[in-house]
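A closer look at the structure
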Amino acid sequence: MSDIRWRHKDLLDTEELSASEITYLLDMAERFDEINARPVKKVPTLRGKGIVLFFAEASTRTRTSFEVAGKRLSADTYALAASGSSISKGESLRDTALTLEAMAPDIIVIRHSAGGAAAFLAERLHCSVVNAGDGCHAHPTQALLDAFTLRRHWQGDMRGKSLLIVGDIAHSRVARSNVFLWQKFGVTVRVFGPRTLLPPGIRGWPVEVCEDLDEAVAGADAVMVLRLQLERQQAGLLPDLSEYAGRFCIGMKHLEKAAPDTVVLHPGPINRGLEIASDLADSGRSRILDQVAAGVAVRMAVLFTLGMRDEPEQSAAGGV
Ligand code: CP
């Protein structure tokens with residue numbers, strides 16, 4: 001396993017991580033994945049540490065996997081949702097966070113609809129902050145679990161590979177965090193989607209913008225389909241959902257011209273028949289449930305790394 005000196009208090013985006021730091025987290029996640037395959041899936045490494053899961057936006061995969069990850073490391077996890085908390089009485093994000101920190105957690109994991117919410121807390125709190133998705137900005141642990149999934153599929157040989165990201169790029173924190181991760185490993189990222197759902201600054205991103213879906217899929221080593229985020233869209237970005245499905249929904253027919261080992265990812269939740277057809281989502285090409293499983297191992301690696309950052313004598317290898 002790679003060894004490095006961890007220098008971050010928080011995990012806010014993939015942009016701030018070096019290739020060595022990402023490799024370190026993925027290597028550690030491999031070790032946690034072995035533990036997750038054991039009959040007893042629990043290790044004592046974060047015993048006595050407290051982790052707050054502060055989800056001010058809906059989540060199934062991320063919230064549950066952070067909770068499973070914390071519990072498998074023997075940390076105490078505490079969940080707070082926006083509904084049912086004093087946020088609904090008008091308490092500010094800052095005051096909510098200071099209140100939570102007064103209870104002395106070691107890590108706060110936050111999901112919030114505002115881009116920059118995690119960084120806002122990280123600047124003000126002494127404990128570690130993990131960004132579990134902030135608006136359209138970043139979702140670093142999703143990009144890390146995507147990397148874990150593809151690194152395994154590509155047997156560690158990532159340089160020169162190509163990843164096609166299809167769909168609602170403009171509203172996707174997943175796309176952005178993936179783009180900045182893969183750039184560090186020599187993977188070419190291509191994007192395809194309706195012009196209204198490409199971010200205004202896309203020409204400044206390290207990506208190639210594709211014009212033809214069939215050609216783009218045929219040349220890809222992996223295809224990542226994104227959810228159409230209707231909840232974040234202004235009226236008028238899409239004229240009609242059935243037209244969107246007709247032009248952008250990816251199915252098995254699109255994979256016919258791709259290499260036999262081209263796989264399909266989706267961060268979830270999926271809109272079947274809108275951005276991905278069931279024949280593909282449920283096929284052998286799909287890595288969607290592998291991504292979910294990887295999420296637990298990757299989040300264990302992140303929580304372990306941040307939870308132990310003040311205890312240098314405890315190496316990652318020794319802790320696991
Ligand atoms: N991929 C993802 O973030 O899923 P959830 O919204 O269910 O957490």
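The preceding data block contains the structure.
Everything in this summary refers to the structure shown in the same document. If you're wondering where the values come from, they're calculated on a predicted model, not measured in any experiment.

Here we look at the overall build of the chain
- Across its full length, the chain holds 12 helices and nine strands.
- In terms of overall dimensions, the chain is globule-like: its C-alpha atoms have a radius of gyration of 19 Å, near the 20 Å expected for 320 residues.
- Considered along the principal axes of its C-alpha atoms, the chain spans approximately 50 × 45 × 35 Å.
- The buried share among the 320 residues of the chain stands at 56%.
- Long-range contacts, defined as pairs at least 24 residues apart, comprise 75% of the intrachain contacts of the chain with a sequence gap of at least 6.
- Split by element, the accessible area of the chain, about 13,700 Å² in all, is 49% carbon and sulfur.
- One way to put it: in the chain the 37 positive side-chain charges average out to a point 3 Å from where the 40 negative ones average out.

Describing the packing of aromatic side chains
- Inspection of the entire model under this criterion finds six aromatic pairs.
- Each ring, one from W154 and one from W182, has its centre 5.8 Å from the other, and the planes form 65°; the classification is edge-to-face. A residue pair is termed long-range when its members are at least 10 positions apart, and W154 in the loop between α5 (140–153) and β5 (162–166) and W182 in helix α6 (residues 173–182) qualify at 28 residues.
- Consider the rings of F180 and W205, whose centres lie 6.5 Å apart with planes at 50°: the pair is tilted. One end of the pair, F180, is in helix α6; the other, W205, is in the loop between β6 (188–192) and β7 (208–209), with 25 residues separating them in the sequence.

Quick look at the nonpolar core
- Counting 65 residues, the largest nonpolar core has F32, V109, L144, I165, I169, W182 and L303 as its most contacted members.
- Here this core takes 10 residues from helix α11 (residues 288–307), the largest share from any one element.
- For this core, the two domains that each supply at least three residues are domain 1 (14–138 + 292–318) and domain 2 (140–291).
- Each residue touching L144, except ones within four places of it in the same chain, is listed here: L11, I22, L25, L26, L181, V298 and V302.
- Judged by nonpolar contacts, the second largest core, of 28 residues, contains L213, Y244, I250 and L280.

Calculation notes
Residues numbered from 1 in each chain as written. Predicted model: local features only at pLDDT ≥ 70, side-chain atom pairs only at ≥ 80, totals over all residues. Heavy atoms only, no water. Helix = DSSP H or I, 4+ residues; strand = E, 2+ residues; numbered from the N terminus. Rg over C-alpha atoms; globule rule 2.2 N^0.38 Å. Buried < 20%, exposed > 50% of the residue type's maximum accessible area, 1.4 Å probe, protein only. Contact = heavy atoms within 4.5 Å. Areas by Shrake-Rupley, 256 points an atom, 1.4 Å probe, with all protein chains shown as cover. Lys, Arg positive; Asp, Glu negative; His and termini not counted. Charge placed at Lys NZ, Arg CZ, Asp CG, Glu CD. Phe/Tyr/Trp six-rings, centres within 6.5 Å; stacked < 30°, edge-to-face > 60°. Core = buried A, V, L, I, M, F, W, Y, C linked by side-chain atoms within 4.5 Å. Domains from an automatic or database assignment.

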